[in-house]
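Chain residues, written in single-letter form:
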Amino acid sequence: MKNRFAFQPRYFLFWLLFFFLGRAFFLAYHNGATAQLPVRTVLGTFAYGLRLDASVAAYVCLLPFVAFIIGSLLPRFPLRGVIKSYSIVVGILLTLLITVDLELYRTWGFRLDDTPLQYLNSPKEMMASAGSAPLALLVGLFVGLLAASWGLYRLVVGTLPPLPAWFGRGRAALASVLYAALLIIPLRGGTQQIPVNQSDVYFSRIAFANHSALNAPWNLVSALILRSGEQMPPAFMPDSTARRLVSAIYPRAVAAPVTPAPTASVLTTSRPNVLFIILESFTSKLVGCVGGEPGVTPSLDSLARTGILFTNIYAAGDRSQKGLVSLLSGYPNQPTTSIIKFPRKNEHLPHLNRSLATAGYSSHYYYGGELAFANMRGYLQTAGYEKITERTDFSLAEQNSKWGAHDGTLFDRILADARQQPQPFFITAFTLSSHEPFEVPIKTKFPGNSEEQLFRNSVYYTDFALGKFLQEAKKQPWYANTLLVLVADHGHHLPGNSENSSPEKFRIPLLLAGGALRPEARGRVVSTIGSQTDVAATLLQQLGLPATSFVWSRDLLAANPISFAYYCYNNGFGAVSPAGTLTFDNVSRHVVGRDANVTNAQLQLGQAMQQITLDDFSKK
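Residues numbered from 1 in each chain as written. Predicted model: local features only at pLDDT ≥ 70, side-chain atom pairs only at ≥ 80, totals over all residues. Heavy atoms only, no water.

A.B. asks: Is there a simple way to explain the overall build of the protein chain in this structure?
C.D. replies: Within the protein chain, the regular secondary structure consists of 21 helices and 13 strands. Overall size of the protein chain, expressed as C-alpha extent along the three principal axes, is 85 × 60 × 50 Å. Put simply, of all contacts in the protein chain between residues at least 6 apart along the chain, 75% involve residues at least 24 apart. Of the accessible surface of the protein chain, which amounts to about 25500 Å², a share of 60% is contributed by carbon and sulfur atoms. The positive charge centre, built from 52 side chains, and the negative charge centre, built from 38, are 8 Å apart in the protein chain. (Helix = DSSP H or I, 4+ residues; strand = E, 2+ residues; numbered from the N terminus. Contact = heavy atoms within 4.5 Å. Areas by Shrake-Rupley, 256 points an atom, 1.4 Å probe, with all protein chains shown as cover. Lys, Arg positive; Asp, Glu negative; His and termini not counted. Charge placed at Lys NZ, Arg CZ, Asp CG, Glu CD.)

Here's what the structure looks like:
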């Protein structure tokens, strides 16, 4: 007879094996795509998928483990019947979801999410979508998986043994409580700082391998939660009017005619190395060369005198994950969510890395922290980076900040690796030392322990580390053929505690520099008002590569660009033009900030941008 106190671990193990079995069915059903994967990658789908499988298994075990506590205390509680009935119902439901997912993926190319729910109010369309499905095969697979699961349950779990007479009920309840408490670890996918998400299973540059590692029930629930935050506000105007207004800024986004604008090359070569450095929280308020406080960023200010400085650039959003998508995919932000959290949506985005890969660029992405946050790893895997270095790739001694490796350590790693990086290369580096809690590994420059002073010191440290890096980089043979792109991921409310919607919070620096710049381009200052999303097209234009897929991006170095920027804050937007700034709140449906010279035309353009960008997002 099996030990009663091993029942709960066996029960959890059963559900873990159940999802392993479900993944095996998925790979077998899509045998054509599976056959294209190396054996190591196929095994990786199980290994990397384990954390999501364990998370769902833990959620499934919650109710039975609570029932175990009750059954240990109350002798007449029908514990066996409750667990058996619960397991049958949940098993049938999960088997049905896994079976439906098999055919949905074949038809739609993405794992089960909330999309089928959109057809509940249109049964004819639902039946039409299912019309070509091999129903007999799917029913057979459903029955087969259900039967295999039942056999697995009897083998692994078996019958619940009675509580030994010599073992007190209080002790039994305590043991059950401890087992339930242990579920916290698999529930959140481990003991790491950030709970498990889709990023943790995206391990390959092959989309099918990443999709296979997903857990279908987990993906469905995740999509439902995300969808609850995706609220389309009422339209401001007819779509035809909104599209006409947007066409003046981003004609490709609305399929309007494009008038080519000439751009002079600022590079000595069409295929320079590109070192794309994203600076955490580098608000313009602390960058002297764009009118901010002097003395906080001396390295960046000095570099600006030999580069091309853009002084009126605005972050598209207010979070790192939003800035990442805007910079690398040229895609605008959403007021209440972020497209990076939706793997099925962001897989349709263009990527700078993919564009450069077609031109023969090698690639490497560097970050000193954990990329599991907000599905950033999944997004980067989809972008096709050949190598990704993050926190776990640094030694414990090198993980010298709360978030991971400080920026000095990050830049040292880039210097060491760049010697072996095939050229031309596209290296993307994301700093982190200027993120809360603003700790720095050097003596602070600005006295005081206020949050504002700590933030200043953290920005100063990142600038200091950047300066040391550039001093060494200039000695390397690759530097003479390298274009530096330095830009912030977003701004910050400090210093000055800017309001959440204020343009000062969103204004950021953008600088092109490096050995690949033409001498006559050095020291140029561009005052055109632009967005983070415009960086991609500006870079691609200089490299002579097509930017047509980056429909929400435009060349800021083209002749006579329109000065305009659109940004999103929490459930609102801002619109910036030479006349000033306007901010709008979606909840009250009122303007909350407006400079004196801003006209209603600017309000309508901002409303049109939100309406069309959200429509584009909803259709992704």
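A.B. asks: I'm lost on the packing of helix α3 (residues 39–73) against helix α4 (residues 79–108) in this one. Help?
C.D. replies: Each pair of packed helices can be summarised by the angle the axes make with each other and by the distance between the axes. Between α3 and α4, the shortest axis-to-axis distance is 10 Å and the interhelical angle comes to 175°. For the element pair α3 / α4, the angle class is roughly antiparallel. Touching Y59, V60, L63, P64, A67, F68 and G71 of α3 are L79, V82, I83, Y86, V90 and L94, all from α4. Class assignment of the residues belonging to the contact of α3 with α4 gives a composition of 12 nonpolar, one polar and no charged. (Axes fitted to C-alpha atoms, helices over the stretch in contact; angles between N-to-C directions. Parallel < 35°, antiparallel > 145°, perpendicular 65-115°, else oblique. Nonpolar A, V, L, I, M, F, W, Y, C, P; charged D, E, K, R; others polar.)

A.B. asks: I'm lost on the packing of α4 against helix α6 (residues 135–156) in this one. Help?
C.D. replies: At their nearest, the axes of α4 and α6 sit 9 Å apart, and the two run at 145° to each other. By crossing handedness, the relation of α4 to α6 is classed as right-handed. Residues I83, K84, S87, G91, I92, T95, L96, I98, T99, L102 and E103 of α4 touch α6, and the partners they reach there are L138, L141, F142, L145, L146, W150 and Y153. A class-by-class count of the residues in the contact of α4 with α6 yields 12 nonpolar, four polar and two charged. (Left-handed = near helix turned anticlockwise from the far one by under 90°.)

A.B. asks: Could you clarify how one ought to interpret the sheet that holds strand β11 (residues 572–577) in this entry?
C.D. replies: Within a sheet, neighbouring strands are paired by backbone hydrogen bonds and run either parallel or antiparallel to one another. Strand order in this open sheet of four strands is β10-β11-β12-β13, and the pairing throughout is antiparallel. Each of the sheet's edge strands pairs with one partner strand only, and the pair in question is β10 (565–569) and β13 (590–594). Going across the sheet, the axis of each strand differs from the next one's by a mean of 20°, ignoring polarity. Here five bridges tie β10 to β11, and the two strands are oriented antiparallel to one another. Residue pairing for β11: Y569 is matched across the bridge by G572. Most of the contacts of helix α21 (residues 600–619) go to β11, to which it runs at about 130°, and overall it touches β10, β11, β12 (580–585) and β13. (Pairing = 2+ DSSP bridges.)

A.B. asks: Before we go on, may I ask you to explain the side chain of E280 in this structure?
C.D. replies: Positionally, E280 belongs in the loop between β1 (273–279) and α12 (298–304). For the buried E280, which has no salt bridge, the nearest side chain bearing the opposite charge is R319, at an N-O separation of 7.5 Å. In this view, E280 contacts S320, F430, T431, L432, S434, H435, D489 and H490; residues no more than four positions away in its chain are not counted. (Buried < 20%, exposed > 50% of the residue type's maximum accessible area, 1.4 Å probe, protein only. Salt bridge = Lys/Arg side-chain N within 4 Å of Asp/Glu carboxyl O.)

A.B. asks: Teacher, can you tell me more about the packing of aromatic side chains here?
C.D. replies: The geometry of an aromatic ring pair is captured by two quantities: the separation of the ring centres and the angle between the planes. Using the criterion set out here, one finds 31 aromatic pairs in the structure. Between Y385 and F426 the ring centres are 6.1 Å apart and the planes differ by 20°, which places this aromatic pair in the stacked class. Of this pair, Y385 sits in the loop between α16 (376–383) and β4 (388–389) while F426 sits in strand β5 (residues 425–430), placing them 41 residues apart in sequence. Residue class for F426 comes out buried when judged on its relative accessible area of 0%. In this structure an aromatic cluster arises from ring pairing among F7, Y11, F14, W15, F18, F19, F68, W150 and Y153. Positioned above the aromatic ring of F46, the side-chain terminus of R23 is 5.8 Å from the ring centre. (Phe/Tyr/Trp six-rings, centres within 6.5 Å; stacked < 30°, edge-to-face > 60°. Lys NZ or Arg CZ within 6 Å of the ring centre and 35° of its normal.)

A.B. asks: In this structure, what is going on with the environment of S501? I would like to understand it.
C.D. replies: Mapped onto the secondary structure, S501 falls in the loop between β6 (482–488) and α19 (503–506). Under the relative-accessibility criterion, S501 is labelled buried at 10%. Expressed as a C-alpha distance, the spacing of S501 and N571, which sit 70 residues apart in the sequence, is 9.7 Å. Ignoring anything within four residues of it in the chain, the contact list for S501 reads F506, Y567, Y569, T583 and V592.

A.B. asks: What should I look at first to understand the nonpolar core in this one?
C.D. replies: Nonpolar side chains in soluble globular proteins tend to end up buried together. In terms of nonpolar packing, the biggest core is built from 127 residues, with F276, L324, Y365 and F469 touching the most fellow members. Of all the elements, helix α18 (residues 451–473) adds the most residues to this core, at nine residues. When neighbours within four sequence positions are excluded, Y365 is seen to be in contact with L324, L328, L371, L380, Y385, K387, I388, T389, T428 and F430. Counting 58 residues, the second largest nonpolar core, distinct from the first, contains L37, L104, L152 and F203. (Core = buried A, V, L, I, M, F, W, Y, C linked by side-chain atoms within 4.5 Å.)

A.B. asks: Mind showing me how you'd approach the pattern of salt bridges here?
C.D. replies: Where charged atoms of side chains with opposite charge meet at close range, the side chains can pair. Under the criterion given, the structure shown has 16 salt bridges. The partner of R391 in a salt bridge is E370, and the shortest N-O contact between them spans 3.8 Å. Of this pair, R391 sits in the loop between β4 and α17 (407–418) while E370 sits in the loop between β3 (362–367) and α16, and the two are 21 residues apart along the sequence. Residue R391 shares its accessibility class with E370, and that shared class is buried. A salt bridge links E472 to K475, with the nearest nitrogen and oxygen atoms 3.2 Å apart. Taken together, the shared-partner salt bridges in this structure form one network comprising E293, E452 and R456.

A.B. asks: Please clarify how the environment of W218 should be interpreted in this entry.
C.D. replies: Within the element layout of this structure, W218 appears in helix α10 (residues 216–228). Through-space distance from the C-alpha of W218 to that of L112 is 9.1 Å; in sequence the pair is 106 residues apart.

A.B. asks: Sorry, what's going on with the pairing of β10 here?
C.D. replies: Of all five residues in β10, five are buried, a share of seventy percent or more. What you see with β10 is no split at all: A565, Y567 and Y569 on one side and Y566 and C568 on the other are buried throughout.

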